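Coordinate analysis (summary)
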Amino acid sequence: HQPRQSAQRVDSSQISRDSRFFASPSDDGTVKIWDCQRLEKNVTNRSRLTYSSQGGRIKALAICENSHSVAAGSDSGSIHVFRIEYATKKETSLLRYTGATTVKNIEPIDGAIVGLDHFDTAQQSLLVYATNRGKVHSGSTAARSAGTVGFSPLRRTTVR
């Protein structure tokens, strides 16, 4: 069976590096979080969480490496980075998803987001995204305090 809960079109999905969950963006402005363990064991085919704080059609998605955070880009040009919260049930060792907390909103800069990726290097955490106006942007997501992610543009490049 195929997971399906969105009222609108779903174009892609991204899986976390530890394979605990995957996320699917939708044209209805939501990002669904799916539990890989429950799907594997056929316990449920429903999403565990829905992030709906962004608005616009979600067109690009990236799982931030070495964290349980997701970056979502919309056709309005905004990017939201949110952290997936969960706890482990001791008796079954299944995860219980408890919420999604927005850790950063990046305001629209230059058109709809059409591509988004995250890279974690030894020096920094880097978010790279492309817009429908042919521009590629990158920025560092440096932790400023517990639970907060900052964003500072490094450079903007026009792709010709």
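It should be noted that the structure appears before, not after, this text.
The residue numbers shown here count from 1 along each chain, following its written sequence. This being a predicted model, a pLDDT of at least 70 is required before a residue's local features are given, and a value of 80 or more before pairs of side-chain atoms are given or counted; all residues contribute to the totals for chains, interfaces and linings. Side-chain figures throughout are based on the complete set of non-hydrogen atoms in the structure, without hydrogens or water.

**With respect to the sheet that holds strand β5 (residues 58–64)**
Strand order in the open sheet formed by four strands is β5-β6-β7-β8, with antiparallel pairing between adjacent strands. Edge positions in the sheet fall to β5 and β8 (95–106), since each of these pairs with one other strand and no more. When strand polarity is set aside, the average angle formed by the axes of neighbouring strands in this sheet is 25°. As paired elements, β5 and strand β6 (residues 69–74) share six bridges and run antiparallel to each other. The residue bridging Ala62 from the neighbouring strand is Ala71, located in β6. In this analysis, strands are considered paired if DSSP registers two or more bridges between them. Comment: elements are numbered from the N terminus, with helices defined as DSSP H or I runs of at least four residues and strands as E runs of at least two. The axes used here are C-alpha line fits, helices contributing only the stretch in contact, and every angle between their N-to-C directions lies in the interval 0 to 180 degrees.

**Overview of the pattern of salt bridges**
Throughout this description, the term salt bridge denotes a Lys or Arg side-chain nitrogen within 4 Å of a carboxyl oxygen of Asp or Glu. Counted according to the given criterion, the structure contains five salt bridges. One salt bridge in this structure joins Asp18 and Arg20, with 3.2 Å as the shortest N-O distance. Asp18 sits in the partly exposed class, given a relative accessible area of 39%. Only protein chains enter the calculation, and the probe is 1.4 Å; a residue is then buried if its accessible area is under 20% of its type maximum, exposed if over 50%, and partly exposed in between. You can call Arg20 partly exposed: its relative accessible area is 34%.

**Points about the pairing of β6**
The element β6 is largely enclosed, with a buried count of six among its six residues. What sits between β5 and β6 in their antiparallel hairpin is a turn of four residues, with Asn66 showing a positive phi close to 60°. Bridge count for β6 against strand β7 (residues 79–88) is five bridges, and the pairing is antiparallel. By the bridge assignment, Ser69 is partnered in β7 with Arg83. Between β6 and β7, which pair antiparallel and follow one another directly, the connecting turn spans four residues, one of which, Gly77, has a positive phi of 95°.

**So, the nonpolar core**
To form a nonpolar core, buried Ala, Val, Leu, Ile, Met, Phe, Trp, Tyr and Cys residues must be joined to one another through side-chain atoms within 4.5 Å. Phe21, Val31, Ile33, Val70, Phe82, Ile84 and Tyr97 are the most contacted members of the largest nonpolar core, which totals 15 residues. Going through the elements one at a time, β2 (21–25), β3 (31–35), β4 (49–51), β5, β6, β7 and β8 are the ones with two or more residues in this core. Ranked by the residues each element gives to this core, the list is headed by β5, at three residues. Of all hydrophobic cores here, the second largest spans twelve residues; its members include Ala60, Ala62, Leu127 and Tyr129.

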